[in-house]
Amino acid sequence: MVNQKGGVGKTTTAVNLSAALAIAGKNTLLLDMDPQCNATTSVGIQPTDRHALIGENPIEDNIRRVEPSALSIVPGSRSFQDLDRLVNSTHNDATRVKNHLDHAFNQFDFVLIDCPPSVGSLTQAALTASTEVLIPIQCEYFAMEGLTQLIQTIKKAIETTRGRLSFGGILLTMYDPYLELTKEVDEEVRDFFGESVFETVVPLDVALTEAPSHGKTIFQYAPRSRGAYAYSQLCMEVLQRD
Ligand SMILES: Nc1ncnc2c1ncn2[C@@H]1O[C@H](COP(=O)(O)OP(=O)(O)O)[C@@H](O)[C@H]1O
Ligand SMILES: [Mg+2]
C-alpha cells in the first residue's frame, strides 16, 4: 500500500484486505513498515523494540498471529535507530532486508506491506521487494496531486526490479456517493488510470474508523458494516486478478 499522502486509507486497506484474504483461506502476512505502527496497533498487537527486517534472526521468529483470525503479522517498530538503518541502509542492511522479505514472500500466498506516507527509502525498499503496488486514493480535493511524483518512483522501481514489480491497482477510498466531488474524483481517476482502478470503492464508514481503537479488523468489529462488505468485495477482485 503506497501513497506519500497520509490519511488516504493505506493502513485501513492493508489491515482489512489482509484480514479478508486470511478469511478467504489465503495464507496472509501483514508487514508493518510504517514507524507509526498503526497497522500493528490496529489489530491489537504491540510494536516491537527493533524491526524484524533489521534483525539477525529469521523473520519467522517475529511473526505473530492476529487472534482469533488466521492472519499473521510482522509488527512495526517505532525505533528511530531502525528507521535510520532502513533509510540509510548500507549494502549489508539492504541485503538483509531483501533476504528477510524474500523469505517471507516464499512462505505466504500474500504479503501486504503497509508503507509510511512518503516516497522515501522505506517505501522504495518495500517497492523493490514487491510484485505489485496498490495505491489508495482518498476522494477529496487535490486527490491526484502528487501522484506524478509517486508514479515516477514506481516506474523507477519497476526498472530496478526488471519488471518484477507491476501496477496492482488504484483504490478509491472514503467514497461518498452523495457528494458531487466524489463523482468528479472517480471520473478523473478512471479517465486517467483506466482499467487499473478497482471496480470496488470503499465507502465512508465510521465503523472503519472505530475498529482500530478496539484492536479489531472490520470483520471482527462490524462484520455487517458497509466497510466490511467493501473490503470483502475488494478481496474478491484481488483474487480474480491474481
Ligand atoms: N472508508 C473509510 N471511512 C471512514 N474513515 C476511514 C475510511 N478509511 C480510513 N478511514 C480513517 O481515516 C484515517 C486515515 O486512514 P489510514 O488508513 O490510517 O490512512 P493512511 O494509512 O494512508 O495514513 C483513519 O482515522 C481511518 O480510520
Ligand atoms: Mg498509515
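Residues numbered from 1 in each chain as written. Chains lettered and ligands numbered in written order. Predicted model: local features only at pLDDT ≥ 70, side-chain atom pairs only at ≥ 80, totals over all residues. Heavy atoms only, no water.

Student: I keep staring at the pattern of salt bridges and nothing clicks. Help me out?
Tutor: Counting across every chain of the model gives four salt bridges. In this structure, Lys183 engages Glu180 in a salt bridge whose closest nitrogen and oxygen atoms are separated by 3.6 Å. Taken as a pair, Lys183 and Glu180 lie in helix H7 (residues 180-193) at a separation of three residues, close to a single helical turn. Exposure remark for Lys183: the relative accessible area of 40% places this residue in the partly exposed category. Residue classification places Glu180 among the partly exposed positions, given a relative accessible area of 49%. (Salt bridge = Lys/Arg side-chain N within 4 Å of Asp/Glu carboxyl O. Helix = DSSP H or I, 4+ residues; strand = E, 2+ residues; numbered from the N terminus. Buried < 20%, exposed > 50% of the residue type's maximum accessible area, 1.4 Å probe, protein only.)

Student: Would you mind going over the packing of aromatic side chains with me for this structure?
Tutor: Between two aromatic rings, the relevant description is the distance of the centres plus the angle of the planes. Following the criterion strictly, the structure yields three aromatic pairs and no others. On the basis of an interplanar angle of 55° and a centroid distance of 6.5 Å, the ring pair of Tyr141 and Phe142 is categorised as tilted. Neither residue differs from the other here; Tyr141 and Phe142 are each classed as exposed. Centre to centre, the rings of Phe192 and Phe193 are 4.8 Å apart; their planes meet at 75°, and the pair counts as edge-to-face. Following the ring pairs from residue to residue traces out a cluster consisting of Phe167, Phe192 and Phe193. Above the face of the Phe198 ring, Arg241 is positioned so that its terminal group lies 4.2 Å from the ring centre. (Phe/Tyr/Trp six-rings, centres within 6.5 Å; stacked < 30°, edge-to-face > 60°. Lys NZ or Arg CZ within 6 Å of the ring centre and 35° of its normal.)

Student: Before we go on, may I ask you to explain H7 in this structure?
Tutor: Count 3.6 residues to each turn of an α-helix, and residues three or four apart come out pointing the same way. The first and last C-alpha atoms of H7 sit 20 Å apart over 14 residues, in line with the 20 Å expected at 1.5 Å per residue. Taken together, the buried positions of H7 are Leu181, Thr182, Val185, Asp186, Val189 and Phe193. Down the axis, H7 shows its buried residues gathered within 140° of arc, on one side only. Turned more than 90 degrees off the buried face of H7, the exposed positions are Glu187 and Asp191. For H7, the elements touching its buried residues are strand E5 (132-138), helix H6 (147-160), strand E6 (166-175) and strand E7 (197-203). (Expected span 1.5 Å × (residues − 1). Arc of directions from axis to C-beta. Contact = heavy atoms within 4.5 Å.)

Student: Can you help me understand a negative patch on the surface in this one?
Tutor: Residues Glu184, Glu187, Glu188 and Asp191 make up a contiguous surface patch of negative charge. Inspection of the secondary structure assignment puts Asp191 in helix H7. Assessed through its relative accessible area of 68%, Asp191 is described here as exposed. (Patch = residues over 30% accessible without salt bridge, like charges linked within 9 Å, V, L, I, M, F, W, Y side chains within 5 Å. Areas by Shrake-Rupley, 256 points an atom, 1.4 Å probe, with all protein chains shown as cover. Lys, Arg positive; Asp, Glu negative; His and termini not counted. Charge placed at Lys NZ, Arg CZ, Asp CG, Glu CD.)

Student: Explain empty space enclosed by the protein to me, please; I cannot follow it from the model alone.
Tutor: Inspection of every chain in the model, using the stated rule, returns one cavity of 30 Å³ or more. Lining the largest cavity we find Asp32, Met33, Asp34, Pro35, His51, Gly76, Ser77, Ser79, Asp82, Leu83, Leu86 and Leu122. Looking at the lining of the largest cavity, the element that brings in the most residues is helix H3 (residues 80-87), giving three residues. For the lining of the largest cavity, the per-class residue count stands at five nonpolar, four polar and three charged. (1 Å grid on protein atoms, 1.4 Å probe; cavity = no way out; pocket = protein on both sides within 12 Å on 5 of 7 lines; lining within 4 Å. Points joined across faces, edges and corners; volume = space filled by probe spheres on them. Nonpolar A, V, L, I, M, F, W, Y, C, P; charged D, E, K, R; others polar.)

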